[in-house]
Each structure stands twice: as C-alpha cells, then as structure tokens.
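Letter by letter, the chains look like this.
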Amino acid sequence: MRKEIKRSVPADSEVILGILNDSKDTLNLLYKSYFPMVLQLVLNNNGNEDDAKDVFQESVIVLYNKVKLGNFELNSKLKTFLYSVCRRLWLKRLNAQSRTVRNIEDYSDFIPIEDDMERHEEKDKQFVMMEHALTQLGEPCKSIIEDYYLQNRSMQEISEKFGYTNADNAKTQKYKCLQRLKKLFFNHN
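Residues numbered from 1 in each chain as written. Predicted model: local features only at pLDDT ≥ 70, side-chain atom pairs only at ≥ 80, totals over all residues. Heavy atoms only, no water.

Engineer: Would you explain the environment of Glu-139 in this entry?
Structural biologist: Along the chain, Glu-139 falls in the loop between helix 5 (114-137) and helix 6 (141-150). Exposure remark for Glu-139: the relative accessible area of 52% places this residue in the exposed category. As for Glu-139 and Cys-177, which are separated by 38 residues in sequence, their C-alpha atoms are 9.6 Å apart. Within the local environment of Glu-139, its side chain forms a polar contact with the side chain of Ser-143, the two groups lying 2.6 Å apart. (Helix = DSSP H or I, 4+ residues; strand = E, 2+ residues; numbered from the N terminus. Buried < 20%, exposed > 50% of the residue type's maximum accessible area, 1.4 Å probe, protein only. Polar contact = N/O pair within 3.5 Å; in protein donor to acceptor, adjacent residues only side chain to side chain.)

Structure representation (structure tokens):
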C-alpha cells in the first residue's frame, strides 16, 4: 500500500497550470492556503476581515490576469508574490483613506510591483468602461455576452435559452453583439 503526503499548500506550478486551465479548485486552494497571511497583515494594520477579503481578491485578480496574458514570470515564491501585491494594495488603500500607518509589519521577502499596479489600475479602468458599454448594449445581446463569457454557457445552451433554431444561429447573433459592444466600448474612449 502506497502512502502519500498531503500538502496544505499547492506547488506554484500547480497553481499556474490550474489558472491556465480555469480550475475553480485551484482558486479555492489559493484562498485556503494564502488568505490567512493576508488576513493577519490587514488585521495588524488597521483593517478588518472584509478589507482583507477585498485586498486578497484583488491580488488574485492581478495574478489571474498576469497568468492569462501569458507573460507571467514567477521570480519568487507565489506566496511572496501574493503577499507583495496584497501589501501594496493595502498600503495604497490606507493612504487613500488617510489613516495613519504605524510600522506596517513586513514580510521578509518583499518584491516591488509598482509597474504591475499601474497596469492593474489601467485594466480596472478598462473593465469599468466595458461594464458601461455592456449596460448600453441592451437585450438580448447583454445576456448573450454574459452567458457565454461570464457564465461559460455553451452556444447550444444559449440557443435553447433564446429560442434560436440552432447553435450556429446563436453564434452569429453573439458575433453581431460583440461587434456592437466593441463599437460602444471604443466610442466611449
């Protein structure tokens, strides 16, 4: 009988592969493994659990976006990367709220991420503009786009939901909706 040692923290490469493969289990494991350290950071520095959840969520989004863009190079442990992003986000939030920051407890391995944060903020602006364009899109296009890209529904499911004769017709409609969305998004800039 072969016994295996169960790890509580996933290997960094497993997390990267999990993100690339859209694994919800990987994201759940990230939360279980690394959220406690972020919670401790935020609680020790004038924050509460909701603040910690927000900051951790943002850091996971930064990681997710970098991995999905295909240009992510991990030059430290994943834990260090996430902690650094969270620390930077929390300091920024504290400064924005004009709270006094007393010696923020630091982690021994800190990596600067200012450039990443600027790109993240730019992406946030684009997401807000996309959300605005999506609200202007109207129905059924808004629902078709959301069903396909956010809910991961198949074209067959969308076809049945909206009463199209087949998945190809639904795909054609989705394409037309995307063209309208692009027009709204780029006219907004």
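Engineer: What's the story with the state of the cysteines in this structure? I'm lost.
Structural biologist: A covalent bond between the sulfur atoms of two cysteines is referred to as a disulfide. For the structure shown, the criterion picks out one disulfide. Each sulfur of the disulfide joining Cys-141 and Cys-177 lies 2.1 Å from the other. Measuring handedness by torsion sign, the sulfur bridge of Cys-141 and Cys-177 sits at about -70° and is left-handed. Residue Cys-141 is located in helix 6, and its partner Cys-177 is located in helix 8 (residues 167-188); the two are separated by 36 residues in the primary sequence. As far as the burial class goes, Cys-141 and Cys-177 line up, both buried. (Disulfide = S-S within 2.5 Å.)

Engineer: Which parts of the structure should I look at to understand the environment of Pro-140?
Structural biologist: Within the secondary structure layout, Pro-140 lies in the loop between helix 5 and helix 6. The partly exposed category is assigned to Pro-140, whose relative accessible area is 31%. With 37 residues separating them in the primary sequence, Pro-140 and Cys-177 have C-alpha atoms 8.7 Å apart. The residues contacting Pro-140, other than those within four sequence positions of it, are Phe-162 and Tyr-164. (Contact = heavy atoms within 4.5 Å.)

Engineer: It is not clear to me how helix 6 should be interpreted in this structure. Could you clarify?
Structural biologist: Owing to its 3.6 residues per turn, the α-helix brings residues three or four apart onto one side. Listing the buried residues of helix 6 in full gives Cys-141, Ser-143, Ile-144, Ile-145 and Asp-147. Once helix 6 ends, the next one or two residues include Asn-152, with phi positive near 55°.

Engineer: Sorry, what's going on with the packing of helix 2 (residues 24-43) against helix 3 (residues 49-69) here?
Structural biologist: Axes are the key here: two packed helices are described by the angle between their axes and the distance separating the axes. The interhelical angle for the contact between helix 2 and helix 3, taken along N-to-C directions, is 130°, at an axis separation of 9 Å. As summarised for this structure, helix 2 and helix 3 are arranged oblique, according to the angle between their axes. Crossing of helix 2 against helix 3: the hand is right-handed. Taking contact as the criterion, the partners of Leu-27, Leu-30, Tyr-31, Tyr-34, Phe-35, Val-38, Leu-39, Val-42 and Leu-43 in helix 2 are, on helix 3, Glu-49, Asp-51, Ala-52, Lys-53, Val-55, Phe-56, Gln-57, Val-60 and Leu-63. (Axes fitted to C-alpha atoms, helices over the stretch in contact; angles between N-to-C directions. Parallel < 35°, antiparallel > 145°, perpendicular 65-115°, else oblique. Left-handed = near helix turned anticlockwise from the far one by under 90°.)

Engineer: Mind showing me how you'd approach the nonpolar core here?
Structural biologist: The nonpolar side chains of a soluble globular protein tend to be buried, and buried together. If you look at the biggest cluster of nonpolar residues, it comprises 27 residues, and the most contacted ones within it are Leu-30, Tyr-34, Val-38, Phe-56, Leu-63, Leu-78 and Leu-82. Secondary structure elements with two or more residues in this core: helix 1 (12-20), helix 2, helix 3 and helix 4 (78-96). Ranked by size, the runner-up nonpolar core spans 13 residues in total, among them Met-129, Leu-137, Ile-144 and Cys-177. (Core = buried A, V, L, I, M, F, W, Y, C linked by side-chain atoms within 4.5 Å.)

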